[in-house]
Structure formats: C-alpha cells, structure tokens
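# Overview (structure and organization)
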Amino acid sequence: MLLRIRVTSFLTGFGVCAGLALYQLRQDIKKSHDVMSHQAEAYRIKLESRVAALEGALSDLRSAAPPPPPAAAASQPQASS
C-alpha cells in the first residue's frame with residue numbers, strides 16, 4: 001500500500017514538473033522567435049535602404065555619363081572567320 005502511494009506521488013510530481021518544463025520551453029522558444037523576427041526585420045530594413053542608396057547612385061552615374069556615339073558600333077570592322 002505504501003509503495004503504491006509513493007509511486008502515485010512520484011508520478012504526480014513528475015507530471016506536474018514535466019508540464020511546467022514544457023510550458024517554460026514553449027515560452028523560451030516564443031521569446032527567441034520574437035527576438036529573431038525583430039532582428040530579421042531590422043536587417044531587411046537596413047538592406048532595403050542600402051539597395052535604394054545604390055540604385056540612386058547608379059541612376060546618378062547613368063545620368064552623368066555621356067551617351068555613346070551612335071556611329072561607334074557601325075565603324076568597327078567585323079572579324080571574318
């Protein structure tokens with residue numbers, strides 16, 4: 001009789017502790033996911049601003065560069081095989 005009470009008490013305690021451990025693990029995973037989501041969002045915003053700056057610099061370079069002369073392609077001799 002005493003053994004059955006001890007085993008029942010042990011299993012009850014084990015079940016409660018396992019439930020609390022799973023809850024704590026779930027909370028830790030949720031917090032980690034939130035942190036990583038915020039970091040990824042910050043990285044994406046930073047990357048988008050860098051790409052926008054590069055695209056702006058490229059458009060400035062294209063507008064500042066003189067257009068190629070139209071006869072340049074026609075005046076080059078073609079290689080014969």
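Higher on the page you've got the structure.
Residues numbered from 1 in each chain as written. Predicted model: local features only at pLDDT ≥ 70, side-chain atom pairs only at ≥ 80, totals over all residues. Heavy atoms only, no water.

## With respect to the pattern of salt bridges
Tallying each qualifying case throughout the model produces two salt bridges. Across the pair Arg44 and Glu41 runs a salt bridge, and its minimum N-O distance is 2.4 Å. Of this pair, Arg44 and Glu41 both sit in helix H1 (residues 2-64), three residues apart, which is roughly one turn of the helix. Arg44 sits in the partly exposed class, given a relative accessible area of 35%. Of the charged contacts in the structure, one is a salt bridge between Arg44 and Glu48, with a shortest N-O distance of 2.6 Å. Linking Arg44 with Glu48, this pair stays in helix H1, spanning four residues, or about one helical turn. Note on Glu48: relative accessible area 45%, which makes it partly exposed. Put simply, Glu41, Arg44 and Glu48 are held in one network by salt bridges that share partners. (Salt bridge = Lys/Arg side-chain N within 4 Å of Asp/Glu carboxyl O. Helix = DSSP H or I, 4+ residues; strand = E, 2+ residues; numbered from the N terminus. Buried < 20%, exposed > 50% of the residue type's maximum accessible area, 1.4 Å probe, protein only.)

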